[in-house]
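What follows is each chain in one-letter form.
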Amino acid sequence: MSNEKSRDILDLYTAKVMPTYAPTVAIASGKGITVRDADGRSYYDFTSGIGVQAVGYGNKDVTEAIQGQAAALTHCSNLFVNAPETLLAAKLVELSGLGGKVFFCNSGAEANEAALKLARRWGHANGGRYEVVTFRQGFHGRTLATVAATAQAWCQEGYDPLPVGFAYADYNDLESVKSAVNEKTVAILLEAVQGEGGVTPATDEFMKGVRALCDEKNLLMVVDEVQAGMGRTGTWFAWQGYGVQPDLFTCAKALGGGLPMGALVSNAKLADVFTLSSHASTFGGNPVAAAAANAVIAVIEKEGLLANATKVGALLKEALQSFVDKYDKVLEVRGKGLMLGLVIDGDAKEIVDALAGQGLLALTAGPNVVRFLPPLCLGEDDLEDAVDMISDALDGVYGD
Ligand SMILES: *Cc1c(COP(=O)(O)O)cnc(C)c1O
C-alpha cells in the first residue's frame, strides 16, 4: 500500500507547523473506535484523540447535533444567550450534584485558568489569600498560570518568570499537603487520577483527607476533571468515585464531542464569585460546541457508557495484568475504568511505537508508562482484538 498522501501531509506539516508535536500518522477519518489514515490504513484508537472521543468517532447523534446547530447558528457572542449552552449548564450542574453554576470556555487550560482566577477572587475577599497547592506529576495545561500549576520541569523549562502563587506537594501524601499549606493558601488543585503524570489514581484516603483539610482550613478543593471526567473512570466525574464533593471542578477534552469546549463548575457557595465583566470568553458556550456536548451526555446516558467503562475497563485491566505476570519488564497496571496505565521497566515510547505497528494507537504518560484511553463505547469483541495486538506488540519487544 502506498503511503504517499500521509507523507505529503506530514512533510507540509513539518515545514509549516511549529514543532510542538511530532506526529507520525495523518488521520483522515474515524468511525467508532477506529481511525483511518490518509492512505487508508486503519487503527484502533486507544487514545480517543487524547481523551476526547469518549462516545467514539462519528457518533450519529453527535454529528447530527453539530450539523443541525451549525445550520441554525454557529455563534452570536455572549452578549446574547443561546439555548444549547443554558441546557448544558443545567445538565452539568445536575450531573455534578453540587448545586452551583457553570462558566464556559474552550479548553482544559482555560477552564483551569478560570478556576484559578475564581479561587483568587474568592481568596482576596476571604482573608487576602491567593496561593494554590498543586501536585508533582500533575498536569493542568499550557497557559502561563496553568504551567506554573503544573509541577513538572518539562512543562516549565524556558518560561521564566512564571506567575507566582503556587506551592507544590506530593500526590497521595497528605502530610506533604499539610506542610505546603500556609496563611496565604486559598485552594488545593488536583486530578482525581493523574493523567499525563503517569495514570496514578488518588487513594480514597487522600481524596477524603484533602477534603477534610480544606474544610478545616477554609480552602477550596478544586478537581481538574479535564482528562478523567465525562465518564472515563465509570462515574460522570472521577471525584464522584470517592464520596467527596469538590468546591470547583473543570471539564474539557471529552465534553465537546470533538469540538473545543471547556467548563468550570462550582458549588452553590462559589456560584456568584465571578460577577459582571470579571471574567469572559468570546467563544465560551459556543452553540455548536454546546449542542455537541449535550449530545455527548445524551449518548453516554442512552448507551450506558458509564457502566461500560467500568465493565470493559475491568476486562482490559485484567488482560494488562496478565502481561505484568508474563514479562519481567512490565511492572504494574494502574488506573480506573477506561483510563489505564501500564508501567514499563524501560521506554514506554518503544511500546507505543510497537503498538502502532500492530494497528493500535496508545499514548505515553511520562517516560515509562503506556497509557490507554479507549473510547467508552469499546465493546468486548473489539477489546479481544485489541488485547491480541497488545500481546503481539509486547511479544515483539520483550519476547524471546
Ligand atoms: C489535557 C489536560 C489539560 C489541558 O487541556 P487543554 O484542552 O489541552 O488545554 C488540563 N488538565 C488535564 C488533567 C489534562 O489532561
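Computed from a predicted model, the values in this text were never measured in an experiment.

Asker: Tell me about the overall build of the chain, and please be specific about residues and values.
Answerer: What the chain contains, in helices and strands, is 13 helices and 17 strands. Against the globule reference of 21 Å for 400 residues, the chain gives a C-alpha radius of gyration of 21 Å, in line with a compact fold. Based on the C-alpha atoms only, the size of the chain along its principal axes is roughly 65 × 55 × 45 Å. Scored against the burial criterion, the 400 residues of the chain give a buried share of 55%. Taking the intrachain contacts of the chain between residues at least 6 apart in sequence as the baseline, contacts between residues at least 24 apart amount to 70%. Carbon and sulfur atoms make up 53% of the accessible area of the chain, which totals about 17,200 Å². Within the chain, one finds 32 positive and 48 negative side-chain charges whose respective centroids are separated by 6 Å.

Asker: Lay out unusual backbone geometry with the relevant residues and their values.
Answerer: In this structure, the amide linkage connecting Asp-160 to the following residue, Pro-161, adopts the cis form with an omega of -10 degrees. With respect to the helices and strands, the residue Pro-161 is situated in the loop between α7 (153-156) and β6 (166-169). Unusually for a residue other than glycine, Lys-253 sits at a positive phi of about 25 degrees. If you trace the backbone, Lys-253 turns up in the loop between β11 (248-251) and β12 (262-267). Unlike most non-glycine residues, Ser-277 shows phi in positive territory, near 70 degrees. Within the secondary structure, Ser-277 is located in the loop between β12 and α10 (287-302).

What counts, and where the lines are drawn
Residues numbered from 1 in each chain as written. Predicted model: local features only at pLDDT ≥ 70, side-chain atom pairs only at ≥ 80, totals over all residues. Heavy atoms only, no water. Helix = DSSP H or I, 4+ residues; strand = E, 2+ residues; numbered from the N terminus. Rg over C-alpha atoms; globule rule 2.2 N^0.38 Å. Buried < 20%, exposed > 50% of the residue type's maximum accessible area, 1.4 Å probe, protein only. Contact = heavy atoms within 4.5 Å. Areas by Shrake-Rupley, 256 points an atom, 1.4 Å probe, with all protein chains shown as cover. Lys, Arg positive; Asp, Glu negative; His and termini not counted. Charge placed at Lys NZ, Arg CZ, Asp CG, Glu CD.

These figures come from the coordinates and say nothing about function on their own.
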